[in-house]
Amino acid sequence: MATYKSEFFDHYYRGRLRPLAHFSLGWLPRWLKLTGRLSRLVNAVLATPLGKVVAAAGGLTTKRALPRFAGAGEWRREIADAVTGEASVVLFVDTFTRGFRPEVAGAAARVLADAGDSVVCSADACCGLTWISTGQLGTAKRLLSKAAEALDDGTDRPIVVIEPSCAAALRKDLPELVPTEQARRVASRVRSFAAYVADRVAAGWEPSSARPVPERAVLQTHCHEYSVFGAAAQRTALKAAGVRIVVDADGCCGVAGNFGFEAQHYDVSMRVAENALAPALRATGHDVAVLTDGFSCARQVDQLDPSRPGLHLAQVLDPRATTTSTDRPSKGRELS
């Protein structure tokens, strides 16, 4: 369905004026290059009433909390002590992680190192996801071609992608939109973080999380993770870490990439959350962690209950974590 949608948008908007959100959200990786350099100023402005004006000008809902924008070098500082020169695994640090959740990059690198892998990070490519989801396929194909060239390093090392939607784009959309041998080689090496960790667990690795592992967790599996890599990976990793009870929030969280951020779709996105995620949060206590590997899922949890954790699997398994399972590394700001 997502493929049909992107193809339709690509054809329909040729010669037509696109919605504002196709530029604010569809071009997000470009904007993040700017906000990374001016993150303190951007965050300060968005915390004022001007934030509501900025959101509305970009076609975004003013009812949803906006995330904190990370500084340009934050993710590099996070991973500095976990990467090596000669590596067995390539950790792909995607745009969403660099721009909004740099702490997850460090956690992911440390988990892979704990699993016995030597890690090198790649952040010099874009999967084109935001252009794909808004039907700007010409730009998406160019970005994916560059990604294939950057990642085709002549090895068969796994490419582990932190954000599930970006992992799916590189695994599925890359060979479909760029039908070359190079693209197919790269796609065959791509694994989501959860899927790769599940493989390491199956091979005998036992995670050694530094923080007390929660006894129970609410699991919101990202739709792209589910459709491309399967639904069992996160459960496998959580069980290996010692989480005894996993409450599945089956189905979409309601944000679905740019959809839930668009002004005209906010109410629908919140109704979708009522299918599973919102009831799961209400039915569990604040001592129960919420697993949200997808950035959009994390934003929906933050919207539903800012006091609840929205953690990436890497943060749960981090062997050198310094926060507790109920801490939130960065909160958004409410615009309504």
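Our structure's up above, just so we're on the same page.
I will try to describe carefully the structure that is included in this document. Just so we're clear, the structure is a prediction, and the values are computed from it rather than from any experiment. (Residues numbered from 1 in each chain as written. Predicted model: local features only at pLDDT ≥ 70, side-chain atom pairs only at ≥ 80, totals over all residues. Heavy atoms only, no water.)

### Some words on unusual backbone geometry
What you tend to see is this: most non-glycine residues have negative phi, and most peptide bonds are trans.
1) Next: In this structure, Ala 256 is a non-glycine residue whose phi angle is positive, near 50°.
2) Next: Within the element layout of this structure, Ala 256 appears in the loop between strand 6 (245–248) and helix 16 (266–273). (Helix = DSSP H or I, 4+ residues; strand = E, 2+ residues; numbered from the N terminus.)

### Details of helix 18 (residues 295–304)
Working note: α-helix, 3.6 residues per turn, so residues spaced by three or four point in the same direction.
1) Next: The element helix 18 is largely enclosed, with a buried count of nine among its ten residues.
2) Next: Looking at helix 18, one finds that the buried residues are Phe 295, Ser 296, Cys 297, Ala 298, Arg 299, Gln 300, Val 301, Asp 302 and Gln 303.
3) Next: The inward-facing, buried residues of helix 18 contact helix 7 (95–100), helix 16, helix 17 (277–282) and strand 7 (289–291). (Buried < 20%, exposed > 50% of the residue type's maximum accessible area, 1.4 Å probe, protein only. Contact = heavy atoms within 4.5 Å.)

### A short note on the environment of Met 270
1) Next: Counting through the fold element by element, Met 270 comes out in helix 16.
2) Next: Note on Met 270: relative accessible area 17%, which makes it buried.
3) Next: Note: C-alpha distance between Met 270 and Leu 304 (34 residues apart in sequence) is 8.5 Å.

### A word on the layout of surface pockets
1) Next: Looking at the second largest pocket, its volume works out to about 580 Å³.
2) Next: Around the second largest pocket sit 24 residues that line it, and Pro 29, Lys 33, Thr 95, Arg 98 and Ala 123 are the ones nearest its centre.
3) Next: Contributions of two or more residues to the lining of the second largest pocket are made by helix 3 (28–37), helix 6 (74–79), helix 7 and helix 10 (137–151).
4) Next: Considering every element that reaches the lining of the second largest pocket, the biggest residue donor is helix 3, with seven residues.
5) Next: Split into classes, the residues belonging to the lining of the second largest pocket amount to ten nonpolar, six polar and eight charged. (1 Å grid on protein atoms, 1.4 Å probe; cavity = no way out; pocket = protein on both sides within 12 Å on 5 of 7 lines; lining within 4 Å. Points joined across faces, edges and corners; volume = space filled by probe spheres on them. Nonpolar A, V, L, I, M, F, W, Y, C, P; charged D, E, K, R; others polar.)

### Considering the nonpolar core
1) Next: The biggest cluster of nonpolar side chains holds 40 residues, and the ones touching the most others in it are Leu 91, Leu 112, Phe 193, Val 197, Leu 313 and Leu 317.
2) Next: Secondary structure elements with two or more residues in this core: helix 6, strand 1 (89–92), helix 8 (102–114), helix 13 (193–202), strand 5 (216–219), helix 15 (233–241), strand 7 and helix 19 (313–317).
3) Next: Considering each element in turn, this core owes the most residues, seven residues, to helix 8.
4) Next: Grouped together as the second largest cluster of nonpolar side chains are 37 residues, Ala 167, Leu 174, Leu 177 and Phe 295 included. (Core = buried A, V, L, I, M, F, W, Y, C linked by side-chain atoms within 4.5 Å.)

### Concerning a positive patch on the surface
1) Next: Taken together, the side chains of Arg 30, Lys 33, Arg 37, Arg 142 and Lys 146 define a basic patch exposed on the protein surface.
2) Next: Looking at the positive patch, the elements that each hand over two or more residues are helix 3 and helix 10.
3) Next: No other element matches the three residues that helix 3 contributes to the positive patch.
4) Next: Secondary-structure assignment places Arg 30 in helix 3.
5) Next: For Arg 30, a relative accessible area of 41% translates into the label partly exposed. (Patch = residues over 30% accessible without salt bridge, like charges linked within 9 Å, V, L, I, M, F, W, Y side chains within 5 Å. Areas by Shrake-Rupley, 256 points an atom, 1.4 Å probe, with all protein chains shown as cover. Salt bridge = Lys/Arg side-chain N within 4 Å of Asp/Glu carboxyl O. Lys, Arg positive; Asp, Glu negative; His and termini not counted. Charge placed at Lys NZ, Arg CZ, Asp CG, Glu CD.)

By themselves, these observations are geometric and do not establish any function.
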